[in-house]
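Architecture and fold: a report
Here's the letter readout for the chains.
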Amino acid sequence: MTVFMEYLRKKLGWCPNADAVRPVRRTSAEAGYGDAWQGKKPEPDPGPEPAGTAGGDRSGYQDNMLLILIALAWLLPVVYDREFLPILILLSAVAVYYDAQSIRAGEKFEKETLFGDIVTWQPLTWGAATLVGGIIIMAIYLFHRKEIYRANFAGEASA
């Protein structure tokens, strides 16, 4: 259980000594039980990863785990108590606003259309829409986040 928690902390960025947790690599010889008495041999160091690629794909996009956890926290008022609902709405709106700023939402587009393409929406629009629409707008943002990122970073914008 401790190894799982350390792995989870490393993936979320909460582990101060993230280098201590390394994935276990097994060769076909180690998978057999015949060599169990010999013990493990030290693995060669694979070397550092290129800058900016740790924890994500090579294109630079990374999922925001905090937003996903906040979206899952929306189940709490449904199951437990509704007094947390205003706190979750405000927390969600602020988190979506700052995340939209970090992926530069709507930066490459001259005109923002509210009822058109959502990749043109600015961070303030995403935050205000989440404040009004709650989990529905937040879910739309989470599902379209990669599309928004690509439109504003990769130069696919044609506004």
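An unreviewed UniProt entry annotates the chain as SPW repeat-containing protein originating from Methanoculleus submarinus.

Along the backbone of the chain there are 7 helices and 0 strands. Written out in order from the N terminus, the α and β elements of the chain read α-α-α-α-α-α-α. The buried share of the chain, reckoned over its 159 residues, is 25%. With the model as given, the accessible surface of the chain reaches about 11,700 Å², and the carbon-plus-sulfur share is 62%.

This brings us to the packing of aromatic side chains. Scanning all chains against the criterion turns up 3 aromatic pairs. Ring geometry for Tyr97 against Tyr98: centres 5.2 Å apart, planes inclined by 70 degrees, an arrangement best described as edge-to-face. Given the relative accessible area of 51%, Tyr98 is considered exposed. Grouped by ring-pair contacts, the aromatic residues Trp121, Trp126 and Tyr141 constitute a single cluster.

Next up on the list: the nonpolar core. Generally speaking, soluble globular proteins have nonpolar side chains that are buried together. Ranked by size, the top nonpolar core spans 23 residues in total, and within it Leu67, Val96, Trp126, Met138, Tyr141 and Ile148 carry the most contacts. Elements that contribute at least two residues to this core include exactly helix H3 (65–73), helix H5 (85–102), helix H6 (123–133) and helix H7 (135–153). With 6 residues, the single largest contributor to this core is H7. Not counting the four nearest positions on each side in its chain, Val96 is found in contact with Leu67, Trp126, Gly127, Thr130, Met138 and Tyr141.

The subject of this paragraph is the environment of Arg150. Along the chain, Arg150 turns up in helix H7. Distance from Arg150 to Ile103, taken between C-alpha atoms, is 9.1 Å for residues 47 residues apart in sequence.

Now for unusual backbone geometry. The phi dihedral of Arg104 falls on the positive side, at around 55 degrees, and the residue is not glycine. Inspection of the secondary structure puts Arg104 in the loop between H5 and H6.

The sites that carry the UniProt feature "transmembrane region" (unreviewed entry) are, in the present numbering, residues 64–80 and 124–143. Helix makes up 95% of residues 124–143 and strand 0%, with an end-to-end C-alpha separation of 18 Å.

It is worth spelling out H6 at this point. Considered for burial, the residues of H6 that qualify are Pro123, Thr125, Trp126, Gly127, Ala129 and Thr130. Residues of H6 that are buried in the fold lie against H5 and H7. Just downstream of H6 lies Gly134, where phi reads positive at about 65 degrees.

Basis of the calculations
Residues numbered from 1 in each chain as written. Predicted model: local features only at pLDDT ≥ 70, side-chain atom pairs only at ≥ 80, totals over all residues. Heavy atoms only, no water. Helix = DSSP H or I, 4+ residues; strand = E, 2+ residues; numbered from the N terminus. Buried < 20%, exposed > 50% of the residue type's maximum accessible area, 1.4 Å probe, protein only. Areas by Shrake-Rupley, 256 points an atom, 1.4 Å probe, with all protein chains shown as cover. Phe/Tyr/Trp six-rings, centres within 6.5 Å; stacked < 30°, edge-to-face > 60°. Core = buried A, V, L, I, M, F, W, Y, C linked by side-chain atoms within 4.5 Å. Contact = heavy atoms within 4.5 Å. UniProt positions renumbered as here; feature names shortened; annotations may be inferred.

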